[in-house]
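Here are the chains, one letter per residue:
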Amino acid sequence: LVEAKISQLLGFITASDLETIRSALHNIGLPVASPLAALTPELFALMQSDKKNSGGSIKWTLLKSIGVGCFDQIVEDSVVHSALVYIQKK
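Residues numbered from 1 in each chain as written. Predicted model: local features only at pLDDT ≥ 70, side-chain atom pairs only at ≥ 80, totals over all residues. Heavy atoms only, no water.

A.B. asks: Would you mind showing me how to read helix α2 (residues 15-27) here?
C.D. replies: Think of an α-helix as 3.6 residues a turn; residues three or four steps apart then line up on the same face. Its 13 residues give α2 an end-to-end C-alpha distance of 18 Å, which sits within 8% of 18 Å, the value for a rise of 1.5 Å per residue. When we look at burial in α2, the residues that qualify are Leu18, Ile21 and Arg22. Summarising the axial view, the buried residues of α2 lie within an arc of 100°, below the 170-degree limit, and thus occupy one face. Turned more than 90 degrees off the buried face of α2, the exposed positions are Ser16 and Asn27. (Helix = DSSP H or I, 4+ residues; strand = E, 2+ residues; numbered from the N terminus. Expected span 1.5 Å × (residues − 1). Buried < 20%, exposed > 50% of the residue type's maximum accessible area, 1.4 Å probe, protein only. Arc of directions from axis to C-beta.)

A.B. asks: What am I meant to see in the packing of helix α1 (residues 2-9) against α2 here?
C.D. replies: To characterise two packed helices, one gives the angle between the axes of the helices and the distance between these axes. Contact geometry for α1 and α2: axes closest at 9 Å, N-to-C directions at 175°. One element, α1, and the other, α2, form an angle in the roughly antiparallel class. Residue-level inspection shows Ala4, Lys5 and Gln8 of α1 in contact with α2, the latter providing Ala15, Leu18 and Ile21. When the residues that make up the contact of α1 with α2 are grouped by side-chain class, the tally is 4 nonpolar, 1 polar and 1 charged. (Axes fitted to C-alpha atoms, helices over the stretch in contact; angles between N-to-C directions. Parallel < 35°, antiparallel > 145°, perpendicular 65-115°, else oblique. Contact = heavy atoms within 4.5 Å. Nonpolar A, V, L, I, M, F, W, Y, C, P; charged D, E, K, R; others polar.)

A.B. asks: Would you take a moment to explain the confidence of the model for the chain for this structure?
C.D. replies: Interpretation of the predicted coordinates at a detailed level should be avoided for regions scoring low in pLDDT. Averaged over every residue, the pLDDT of the chain is 87; the share at 70 or more is 89%. Of all secondary-structure elements in the chain, the lowest mean pLDDT belongs to helix α3 (residues 40-48), at 75, while α2 reaches the highest, 97. (pLDDT = per-residue confidence, 0-100.)

A.B. asks: Explanation requested: unusual backbone geometry in the structure shown.
C.D. replies: Negative phi characterises most residues that are not glycine, and trans characterises most peptide bonds. The backbone of Asp72 sits at a positive phi, close to 55°, despite the residue not being glycine. Along the polypeptide, Asp72 turns up in strand β2 (residues 68-74).

A.B. asks: Is there a simple way to think about the pattern of salt bridges in this case?
C.D. replies: Any two side chains of opposite charge can pair, given that their charged atoms come close. As enumerated under the stated definition, the model contains 1 salt bridge in all. Arg22 is paired through a salt bridge with Glu19; the nearest N and O atoms lie 3.0 Å apart. With Arg22 and Glu19 both in helix α2 and 3 residues apart, this pair spans about one turn of that helix. The class for Glu19 is partly exposed, based on a relative accessible area of 33%. (Salt bridge = Lys/Arg side-chain N within 4 Å of Asp/Glu carboxyl O.)

So, in C-alpha cells, the structure goes:
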C-alpha cells in the first residue's frame, strides 16, 4: 500500500486507483494500516539494507497504473515519509 501511495503522490495513479487498491487489500484480509509507520527512521534503516538496493538508495516498484509496475525507482525520502504517514491513518 505504501508503494501504491507513493505512486499516487507522484501522479502515476489516481486517488481513485489508490482507494481501489486499499479496498482490495482490506477485503482479502491484508493490513492497510501499521502503527510501525510511526517509526520512520528505523523503517528507513531497515529498507536501506534490502538486497534490491544499491549505492545507499532504496529502490521501489511503483505503479504506472493498476497492474502495471515500474521497477527500481528511486523516490525522495519526503515522499516515502508522506506515504508512511498515510498508512498510519488508515
